[in-house]
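Topology and contacts: notes
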Amino acid sequence: MKPEKPELLAPAGSMEAFIAAVENGADAVYLGTRAFSARGYASNFSEKELEEAIDYAHLRGVKVYVTVNTLLKEDEVKSALKLLSCLREMGTDAVIVQDLGLISLAGKYLPDLPLHASTQMTLHNSEGVEFVKKSGIKRAVLARESSLEEIKRIKEITGSELEVFIHGALCISYSGQCLLSSLIGGRSGNRGFCAQPCRKKYRLYCEGKPIKTTGSYLLSPKDLNTTSGLGALIESGIESFKIEGRMKRPEYVAGVVRIYRRLIDRYIENPAGYFVSEEEQETLTQLFNRGFTQGYFFENPRWELMSRENPHNRGIPAGTVTAYDRRSNRIRVKLSQPLRLGDGIMVENAETRPEDKGKIISSMYSGKGPVYSAGAGDTVEIPFDSRAPAGGTVYRTHDKKLMDSLKKESESGSLRSKIPVFITADIASGKPVRLELKDRDSNTVRIESGYMVEKAEKQPTSKDRIEKQLSKLGNTLFEAAELHVTVEGDIFIPVGQLNELRTKAIEQLETLRISRWKRKPFDTAHFESGIKADLEAGKPFRENIPVRPMLSVSVYSLEGLEGALAGGADRIYFGEGLFRRLEASGQKESSEQGYDTVFKEAILKTQKAGKKIYLITPKLVKDSRMRPVEKTFSRVREMRADGVLVSNLGTLNLAKTGRIPFISDSPLNVFNSHTFALLLQEGAQMAVISPELTLEELKSIASYGPAECIVYGRLELMESEHCLTGGLLGNGKGQCNAPCRSGKFALVDEKNYEFPLLMDNECRMHLLNSRSLCMLEFVPEILESGISSLRVETLGMENPEEIRRITRAYRNAIDTYLDTGKHGTENCEKFGKGFTTGHYFRGVQ
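In this report, we go over the structure that sits alongside the text. Just so we're clear, the structure is a prediction, and the values are computed from it rather than from any experiment.

1. A look at the overall build of the chain
Looking only at helices and strands, the chain features 24 helices and 42 strands. Radius of gyration (C-alpha) of the chain: 31 Å, near the 28 Å computed for a compact globule of 845 residues. With respect to the three principal axes, the spread of C-alpha positions in the chain is 110 × 75 × 50 Å. Every one of the 845 residues in the chain was classed for burial, and the buried ones make up 56%. A separation of at least 24 residues holds for 72% of the contacts in the chain among residues at least 6 apart in sequence.

2. Side note on the pairing of strand β35 (residues 707–713)
Within β35, seven of the seven residues are buried, which leaves the element mostly enclosed by the surrounding structure. Pairing between strand β34 (residues 687–688) and β35: two bridges, direction parallel. In the sheet register, Val-688 faces β35, and the bridge partner there is Glu-708. With four bridges connecting them, β35 and strand β41 (residues 789–793) associate as parallel partners. Residue Ile-710 lies in a different strand from β41, and its bridge partner there is Arg-791. As paired strands, β35 and strand β40 (residues 772–774) are joined by two bridges and run antiparallel to one another. Of the residues in β40, the one forming a bridge with Gly-713 is Leu-773.

3. Section: the packing of aromatic side chains
Using the criterion set out here, one finds 11 aromatic pairs in the structure. Geometrically, the ring pair formed by Phe-18 and Tyr-56 is edge-to-face, given 6.2 Å between the ring centres and 65 degrees between the ring planes. You can see Phe-18 sitting in helix α1 (residues 15–23) and its partner Tyr-56 sitting in helix α2 (residues 47–59), a full 38 residues away along the chain. Judged by relative accessible area, Phe-18 falls into the buried class, the value being 0%. With centroids separated by 5.8 Å and ring planes inclined at 75 degrees, the aromatic side chains of Tyr-712 and Phe-831 adopt a geometry described as edge-to-face. Residue Tyr-712 is located in strand β35, and its partner Phe-831 is located in the loop between α24 (800–820) and β42 (835–836); the two are separated by 119 residues in the primary sequence.

4. Here's the deal with the environment of Ser-147
As for its placement among the helices and strands, Ser-147 is situated in the loop between β6 (137–141) and α6 (148–158). With relative accessibility at 17%, the residue Ser-147 sits in the buried group. Separated by 228 residues in the primary sequence, Ser-147 and Gly-375 place their C-alpha atoms 43 Å from one another.

5. Here's the deal with the environment of Pro-370
Looking at the secondary structure, you find Pro-370 in strand β19 (residues 369–370). Residue Pro-370 is classed as exposed on the basis of its relative accessible area, which comes to 68%. Through-space distance from the C-alpha of Pro-370 to that of Ile-382 is 10.0 Å; in sequence the pair is 12 residues apart. Aside from chain neighbours lying at most four places away, what touches Pro-370 is Met-364 and Tyr-365.

6. Section: helix α19 (residues 649–657)
Across the nine residues that make up α19, a large majority, seven, are buried. When α19 is considered as a whole, its buried residues turn out to be Leu-649, Gly-650, Thr-651, Leu-652, Asn-653, Leu-654 and Ala-655. Check the buried side of α19 and you find it contacts α4 (100–109), α5 (126–134), α18 (626–639), β32 (643–646), β33 (662–664) and α20 (673–681). Put simply, Asn-648 is the residue that caps the front of α19, since its side-chain oxygen is 2.8 Å from the backbone nitrogen of Gly-650. Backbone geometry just downstream of α19 places Arg-659 in the positive-phi region, at approximately 55 degrees.

7. Focus: the pattern of salt bridges
A complete count under the given rule lists 59 salt bridges for this structure. The partner of Glu-381 in a salt bridge is Arg-330, and the shortest N-O contact between them spans 3.2 Å. Placement of the pair is Glu-381 in strand β21 (residues 379–383) and Arg-330 in strand β14 (residues 330–335), with a sequence separation of 51 residues. Owing to a relative accessible area of 21%, Glu-381 belongs among the partly exposed residues under this scheme. Residue class for Arg-330 comes out partly exposed when judged on its relative accessible area of 23%. A salt bridge links Arg-434 to Glu-448; the shortest N-O distance between them is 3.1 Å. Residue Arg-434 is located in strand β24 (residues 432–439), and its partner Glu-448 is located in strand β25 (residues 444–452); the two are separated by 14 residues in the primary sequence. Note on Arg-434: relative accessible area 39%, which makes it partly exposed.

8. Some thoughts on the sheet that holds β25
Spatially, the four strands line up as an open sheet ordered β25-β24-β23-β27, and their pairing is mixed. Looking at the sheet topology across the chains shown, the edges are occupied by β25 and β27 (478–488). Shown here is a sheet whose adjacent strand axes are inclined to one another by a mean of 15 degrees, direction ignored. Docked against the sheet, helix α12 (residues 463–470) engages β23 (419–428), β24 and β27, running at close to 150 degrees with respect to β27. Relative to β25, helix α13 (residues 495–515) is tilted by about 155 degrees, and along the sheet it contacts β23, β24, β25 and β27.

9. Structural notes on the packing of α1 against α2
Here α1 crosses α2 at 10 degrees, and the two axes come no closer than 11 Å. Here α1 lies roughly parallel to α2, going by the angle between them. Note on element contacts: α2 touches α1 through Glu-49, Glu-52, Ala-53, Tyr-56 and Ala-57, opposite Met-15, Phe-18, Ile-19, Val-22 and Glu-23. When the residues that make up the contact of α1 with α2 are grouped by side-chain class, the tally is seven nonpolar, no polar and three charged.

10. With respect to the state of the cysteines
Per the counting criterion, the structure on display carries one disulfide. Linked covalently through their sulfurs, Cys-774 and Cys-828 form a disulfide whose S-S length is 2.0 Å. With the S-S dihedral at roughly -95 degrees, the linkage between Cys-774 and Cys-828 falls on the left-handed side. Note that Cys-774 is positioned in strand β40 and Cys-828 in the loop between α24 and β42, a separation of 54 residues in sequence. Exposure class is identical for Cys-774 and Cys-828. Each is buried. Left without a disulfide partner, Cys-194 is nearest to the cysteine sulfur of Cys-198, which lies 5.8 Å away. Of all cysteine sulfurs in the structure, the one in Cys-740 sits closest to Cys-206, which takes part in no disulfide; the separation is 10 Å. Classification of Cys-206 as buried rests on a relative accessible area of 13%.

11. Digging into empty space enclosed by the protein
Using the criterion set out here, one finds six cavities of 30 Å³ or more in the structure. The space that makes up the largest cavity amounts to roughly 140 Å³. As for the largest cavity, its lining consists of 15 residues, and the residues nearest its centre are Met-121, Leu-649, Pro-667, Leu-668 and Asn-669. Residue composition of the lining of the largest cavity, by class: six nonpolar, eight polar and one charged.

12. Examining the packing of helix α17 (residues 592–608) against α18
In contact at an axis separation of 11 Å, α17 and α18 are set at 40 degrees when each is read in the N-to-C sense. One way to sum up the angle between α17 and α18 is to call them oblique. α17 and α18 meet at a crossing whose hand is right-handed. Across from Glu-592, Tyr-595, Asp-596, Phe-599, Lys-600, Ile-603 and Gln-607 in α17, the residues of α18 making contact are Arg-627, Lys-631, Arg-635 and Met-639. Considered class by class, the residues forming the contact of α17 with α18 number four nonpolar, one polar and six charged.

Conventions and cut-offs
- Residues numbered from 1 in each chain as written.
- Predicted model: local features only at pLDDT ≥ 70, side-chain atom pairs only at ≥ 80, totals over all residues.
- Heavy atoms only, no water.
- Helix = DSSP H or I, 4+ residues; strand = E, 2+ residues; numbered from the N terminus.
- Rg over C-alpha atoms; globule rule 2.2 N^0.38 Å.
- Buried < 20%, exposed > 50% of the residue type's maximum accessible area, 1.4 Å probe, protein only.
- Contact = heavy atoms within 4.5 Å.
- Pairing = 2+ DSSP bridges.
- Phe/Tyr/Trp six-rings, centres within 6.5 Å; stacked < 30°, edge-to-face > 60°.
- Polar contact = N/O pair within 3.5 Å; in protein donor to acceptor, adjacent residues only side chain to side chain.
- Salt bridge = Lys/Arg side-chain N within 4 Å of Asp/Glu carboxyl O.
- Axes fitted to C-alpha atoms, helices over the stretch in contact; angles between N-to-C directions.
- Parallel < 35°, antiparallel > 145°, perpendicular 65-115°, else oblique.
- Nonpolar A, V, L, I, M, F, W, Y, C, P; charged D, E, K, R; others polar.
- Disulfide = S-S within 2.5 Å.
- 1 Å grid on protein atoms, 1.4 Å probe; cavity = no way out; pocket = protein on both sides within 12 Å on 5 of 7 lines; lining within 4 Å.
- Points joined across faces, edges and corners; volume = space filled by probe spheres on them.
- Left-handed = near helix turned anticlockwise from the far one by under 90°.

Here it is as C-alpha cells:
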C-alpha cells in the first residue's frame, strides 16, 4: 500500500517567487501581506497582488495560505480582523496565525475561514496542539525542534493535521520565544522584523576568562535539508512539508521546490527504490547553504547543528587560491568546478569586512587573456579587492547558468502538468451543440452553441473532425483526457463554431475553478460593536483585580525564597530544580524525594509568612517530559501551594483540565486585551504581559483584569534546544559531559556586551540579557497603569542578600506611592550600573 502523499508547501516573498513555486510543482504556497507578516523585510503582497496570486494558484489547483502571524498591538486588532475578512472573501485556503486574541476573534466572527497555528506559537507537545485544536485551529505547524518520534506521538494523540519544515534556515531559539533582536535593537522577531543577531560574532567566556572556540558565529545554525530522511517523514503521516524561504530569490524557490517535488513523487512511486542523486544534492547545495543538517528529526545533532565559521551562504567549493598578486589585486585560482562571468564567489579566510559576503565575477583571465568561462582543472586570475591567502578555498556562491535556467523555465509556463478534462459533446441536426467539460475536481461546465446544427447537403462533418477540433486545447492549462462525441445522422457544422464553443467552455471552466473558492462578504461593521461587546463581557475579570497591587518575586532556591520573603514579597514563584547547579557550589542535583522535601519547606515557609506561592513549570515541555510537570501539579495539591506558573499552551491545558490554579507567564505573549481576555477565560488567575510592550500599551490591557509586568531582572532572550557549552566543550563523540557545571558561562558580542548563559536540567540553553531591567524609579507610573502585580525576576542571581535588597527596594517604592502618593527616594543606581528600562519607553517595530 502506497503511503499518503504529503502536501509540498512552498514560500513566496514576491510575485516572481510565487509563480516559480507554482510552476515547479508546489501543492500550496504560503505568503504574506504587507502588514502583520513574520517576514516584514520580504517584498510581500498588496491586496490586489494577493487576489491575483490566489486566482492564479486556484486556476492551477494550488492552495494559498496567507501569513498573519505576528503579535498584534491593541490598536491593530481590528485592522487584522478586517484583513482576515478580506482574505476570506478572496478565497484564501487558510490563514497562518500566531496571536491568540486574533484566533479567538476569527473563530467567532469568521468561523468558515480555516486557521493554521504558526510555528511562532511554539507548539511542541500534544496538550498544546489539543488546546489550539479546541480553539478552532485546523492545522498546527510544529516547532522545528520536534523529533520524528515526538511528531508521531502528537499525531497519534491529537489526530490533528500537522505541518513541519523540511528545508531551509533554522532559528537557534524556539520560534516565538526569542527577544534577542527585540531587546538589542528594538526589532522584534514576534513582529516580523528580526535583525538576525544570532548570525553575528560572539565570544565564549567562563568565569570571566575567554574560551577558545572553533569559529566565532556561536549562535548560527546550519540549514535544514531532509532529503536523505524524506521517506521516514512521509511514512509518519505528516500532512504538509514546508520549505523555508520567503526572503529568498525566486530562482531558489524554483530549484528547491522542483527537487522536493521530484523526491516526494519518487518515494511515493517506489519507496524501496528511493534515492537522491548527486546532481540533486549539488543543486540544493549550490542554491543556498550554510552547511546542511537534518535538524532534530532523527537525533539531537549537538555540535553538528552549528555553522560557527561562516553564517552566510557558502555555495560549493569551486577551486583553491594558489597566489595573490597585490599589484593587480588578483587571485590565481586552480578550479575544481566551472566558473563563468556573472558567477558569485567567496574566498575562505580572505581579509574582507564582515558585511562583504563575496563578489560577482565581472572579469576573468587565463594565460591567453580575458575569458568568459573556465572549466575544472583550469587556472584563472580573478580581480579581488581583498588579500586572500594561498591554499584558501574558493566557493561558488552564485551559479549564473543555473539561476538563468531556473528563471527562464519558471517563466515559460510549460513546467506544470496540464489539467486533464473530460469532454462530452452531443450533436444532432436542427439542435444546438451541447458541450460538457469536467475536470478532476468535479468542476463542470455545460453550454450550448447559439448555432443550430445543419443537415449535411454534401460532405458531412465527420466525428473525427469534431473530436480533433474539440480536443485542441493548445496554450490553455488543460488537456483532453477523455472525449465522448455523439453525432446523430449526417450533419454539418463549421469548424469556427466548434472552436468558438470550445473556447467559451474553457473560459467558463477557468472562471469556475477560481470563483468556487470565493466566499460571500460579511458586513465588517459588526466587528467593531462585537469586539467592544466582547471586552465589556470581560468585566467580571476586573472584579479579580486586587485592591492593592502585589509584589511577586521569582526565585530558584530556598535561599532566594528566604531573601524575597525577608524583602517583603507578597507572592513567590518557586523554580527549584529547573536549572543546573555549579559543581563549585557544593550542591548536588536533588532526587525526586529530595525535591519533595525542598518544595515542602518552601511552601511551609511562604505560608508561615502569610504569603502566596506558585510553582514554576518549564517554558518547554515535550510529551516525554510531562510526568515531572504532573508531579509538580501533585505537589500543589498535596502540599497546598497556591498554584503554578505556566509558560506554554500545553502546560496551561494540563493545568486547566487538572483544575490546578495557574498564572500564565510572559512566554504566552500577551500583546493585546483579546489575548489577555482569552487566557483569563481559560482559567488563568492572572496573566503576565509581554515585556515587549511600552508603558502606554500596557495601560490598554491592564484595566481588563489581573495583569502582571516584570519590573526587574535579566530578561530571558532565548531558549534553545542546542546546548552551546556542551556542543563546544563536550567530549567530541556527540555526548555531553556537562561542562556547564564547571563555571558561569557568558557570551560576549562585538560591542563587548556580556550575555549570561544558563543551562537547565533538560540540557537546554537559556540566554539572558546583557543588562538587568530596572524600573524602580518608575514604580508610580506602572501602578497608575492599572497593573495588578509587579514582578522581580531573579533568574541568574544567586545571592539571597541581593534578592532581599532588591525586593525591599520595590516593596518600599510600592508602599510609599500607595500610602503617600509620592515617589520613593531609591533608584537603580543603588544596585550598580548598566541597567535598562527595556521596552517600557521605546517599544518595538
